[in-house]
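Tertiary structure, described
Spelled out from the first residue to the last, the chains are:
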Amino acid sequence: MNDVVWPEITVVDACVRRDGRGGSPTAVTDDDPAATDPDRCAVAAAAGTSHAAFVGPGRTRDGGWPVRFFTATGELSGCGHGTVAAQAVRLMRTGRAELKDRQHTGGRTFDTVAIRRPGGIEVWFDQGLVALRHPAPNEWAAIVDALGLRADDPHPQDGPRIAAPGAPRMLVPVRDRSALVRVCPHPGRLAAACRRYGLLGCFVYVPPLGDRPGAARMFAPAIGVDEDVANANSTGCLAAHLLDSTGAQTVAIEVEQGDILGRPASVLASARRGPAGITTRVGGLAVVRDGD
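Given the structure is predicted, the values throughout are model-derived calculations rather than measurements.

Notes on the overall build of the protein
Tallying secondary structure elements over the protein gives six helices and 17 strands in all. For a compact globule of 292 residues, the expected C-alpha radius of gyration is about 19 Å, and the protein comes in at 18 Å, within 12% of that figure. Seen through its principal axes, the protein has C-alpha atoms that stretch 50 × 40 × 35 Å. Each of the 292 residues in the protein was classed as buried or not, and the buried ones make up 54%. Of all intrachain contacts in the protein linking residues separated by at least 6 positions in sequence, the fraction that spans at least 24 positions is 63%. If you sum the accessible surface of the protein, you get close to 12,200 Å²; carbon and sulfur atoms cover 53% of it. Positive and negative side-chain charges of the protein, numbering 32 and 32 respectively, have mean locations separated by a distance of 4 Å.

Some remarks on the nonpolar core
Counting residues in each nonpolar core, the largest one holds 53 residues, and the members touching the most others are V28, V84, F203, L238 and I253. When residues of this core are assigned to their parent elements, the largest contribution, seven residues, is made by helix α6 (residues 232-246). Each residue touching V84, except ones within four places of it in the same chain, is listed here: A14, C15, V123, F125, G284 and A286. A146, L147, V174 and V206 belong to the second largest nonpolar core, which has 23 residues in total.

With respect to the pattern of salt bridges
Tallying each qualifying case throughout the model produces 24 salt bridges. Of the charged contacts in the structure, one is a salt bridge between D13 and R263, with a shortest N-O distance of 2.9 Å. Pair noted here: D13 is in strand β1 (residues 10-16) and R263 is in the loop between β15 (250-257) and β16 (265-274), with a separation of 250 residues, a long-range link. On the accessibility criterion, R263 (25% relative accessible area) is partly exposed. With a shortest N-O distance of 4.0 Å, E98 and K100 are connected by a salt bridge. A relative accessible area of 64% means that K100 is categorised as exposed. Each of D31, D37, R40, R68 and E75 takes part in salt bridges that share partners, so that together they form one network.

With respect to unusual backbone geometry
If you check the backbone angles, C15 has positive phi at about 65 degrees while not being a glycine. Note that C15 resides in strand β1. Residue C15 is classed as buried on the basis of its relative accessible area, which comes to 0%.

Thoughts on helix α2 (residues 80-94)
In a regular helix each residue adds 1.5 Å, so 15 residues correspond to 21 Å; α2 covers 22 Å between its end C-alpha atoms and thus fits that length. When you tally the buried positions in α2, you get twelve out of 15 residues, the bulk of the element. Buried residues of α2: G80, H81, G82, T83, V84, A85, A86, Q87, A88, V89, R90 and L91, and no others. The first or second residue beyond α2 is G95, which carries a positive phi of 75 degrees.

Details of the side chain of R217
Within the secondary structure, R217 sits in strand β13 (residues 214-220). In terms of polar contacts, R217 uses its side chain to reach the backbone carbonyl oxygen of L180, at 2.9 Å. Excluding residues within four positions of it along the chain, R217 makes contact with L180, V181, V183, C202, F203, V204, E227 and I260.

Thoughts on the packing of aromatic side chains
All told, the structure shown has three aromatic pairs when counted by the stated rule. Considering the side-chain rings of F110 and F125, the 6.0 Å spacing of their centres and the 55 degrees angle between planes classify their relative orientation as tilted. Here the residue F110 occupies a position in strand β7 (residues 108-117), and F125 occupies one in strand β8 (residues 120-129), the gap between them amounting to 15 residues. A residue is classified by how much of its surface remains accessible, and F125, at 3% relative accessible area, is buried. With a centroid separation of 6.5 Å and an interplanar angle of 25 degrees, the aromatic rings of F203 and Y205 are classed as stacked. With respect to burial, F203 and Y205 carry one shared label: buried.

Some points on the side chain of T71
Looking at the element boundaries, T71 is found in strand β4 (residues 65-71). At 2.9 Å, the side chain of T71 forms a polar contact with the backbone oxygen of I223. Dropping the residues within four chain positions of it, T71 is found in contact with C41, S50, H51, L76, I223 and V225.

So, helix α5 (residues 187-196)
For α5, the full list of buried residues reads L190, A191, A193 and C194. Within α5, the buried residues cover an arc of 165 degrees as seen down the axis, which keeps them to one side. Every exposed residue of α5 that faces more than 90 degrees away from the buried side is listed here: R195 and R196. Packed against the buried residues of α5 are α3 (137-147), β12 (202-206) and β13. Where α5 terminates, the next one or two residues include G198, which has phi positive at roughly 70 degrees.

Thresholds applied
- Here the residue numbers are simple positions, counted from 1 along each chain's written sequence.
- Residue-level local features of this predicted model are given only where pLDDT is at least 70; pairs of side-chain atoms are given and counted only at 80 or more, and the full residue set underlies all totals for whole chains, interfaces and linings.
- With hydrogens and water set aside, each side-chain value is computed from the structure's full complement of heavy atoms.
- Secondary structure follows DSSP: runs of H or I at least 4 residues long count as helices, runs of E at least 2 residues long count as strands, and numbering of each begins at the N terminus.
- Atoms counted for the radius of gyration: C-alpha only. Globule rule: 2.2 Å times residue count to the power 0.38.
- The buried label goes to any residue with under 20% of its type's maximum accessible area, the exposed label to any with over 50%, and the partly exposed label to all in between, with areas taken from a 1.4 Å probe on protein chains only.
- Any pair of residues with heavy atoms lying within 4.5 Å of one another is described as a contacting pair.
- The protein chains shown are the only cover counted for residues, whose accessible areas, like all others here, come from Shrake-Rupley with a 1.4 Å probe.
- When charges are counted, neither His nor the chain ends are considered; positive counts come from Lys and Arg and negative counts from Asp and Glu.
- In this description, the location of a charge corresponds to atom NZ of lysine, CZ of arginine, CG of aspartate or CD of glutamate.
- We define the nonpolar core as a collection of buried residues of types Ala, Val, Leu, Ile, Met, Phe, Trp, Tyr and Cys that are connected through side-chain atoms lying within 4.5 Å of one another.
- By convention in these notes, a salt bridge is any Lys or Arg side-chain nitrogen within 4 Å of a carboxyl oxygen on Asp or Glu.
- Every helix has an expected span of 1.5 Å times one less than the residues it contains.
- Two N or O atoms count as a polar contact when they lie within 3.5 Å, although within protein this holds only if one can serve as hydrogen donor and the other as acceptor, and sequence-adjacent residues are included solely when both atoms are side-chain atoms.
- For Phe, Tyr and Trp, rings pair up if their centres lie within 6.5 Å, where Trp contributes its six-membered ring, and each pair is then called stacked (planes under 30 degrees apart), edge-to-face (over 60) or tilted (otherwise).
- Along the arc lie the directions from the helix axis toward the C-beta atoms.

What follows is the structure, encoded as structure tokens:
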């Protein structure tokens, strides 16, 4: 690694609950063109966060601010709660009440909006098209085994789907919140299964019901995150799946995460049908707690 001295690193609690509790701690800093990817991987660990966002200088040709995301094991093609954190910091730096902009991550440029609220900074971003498919029997069997699900844990009506807003992940519905709490995956087997089938990880969830938010846990040991506090992109994928399975034209959901880890989080998402397929928007409330 190079001897990189990073600019000030800001830690943001991304996707906090409505009362300001919890959220996913995410490090945000300006990128250094002289840094190597191992240098960037070291930032999250040094900041005590699972993810780090690196905001590049200037704009891309299509008008987006470049933002890259890393865990301790490597770069991610996208990060939902990291986008919430990065755009919250960018708004803080402007001193404005609202910032409508564009972000370039993973080869894609998309719209973002950040708005100051009494409890923090509300951020929304366009996730784009989400592709959905049913897993093959061998994929599902490997994941069930690695997650340690009991025979009666899977949801009796809703089945698993593989959703890809870029990186594919498996959506795994379970019967109720008690089944969600019981999930105790074997990290090594789950990482191996995810690598074998090209999956980012597994988003185990209880669907929203009426006015009650859904609940979820995200396991991604293949990218160095045994359990994620909040996985915003997977919440967008769930919105796409619910839209597809119900035949509705639009869906809006809230999903609670992070309770098992003592970091309660909440992610919002909406999905709609368009000429090209199902597109989603994902949002969350961020609290900037260090730096800036």
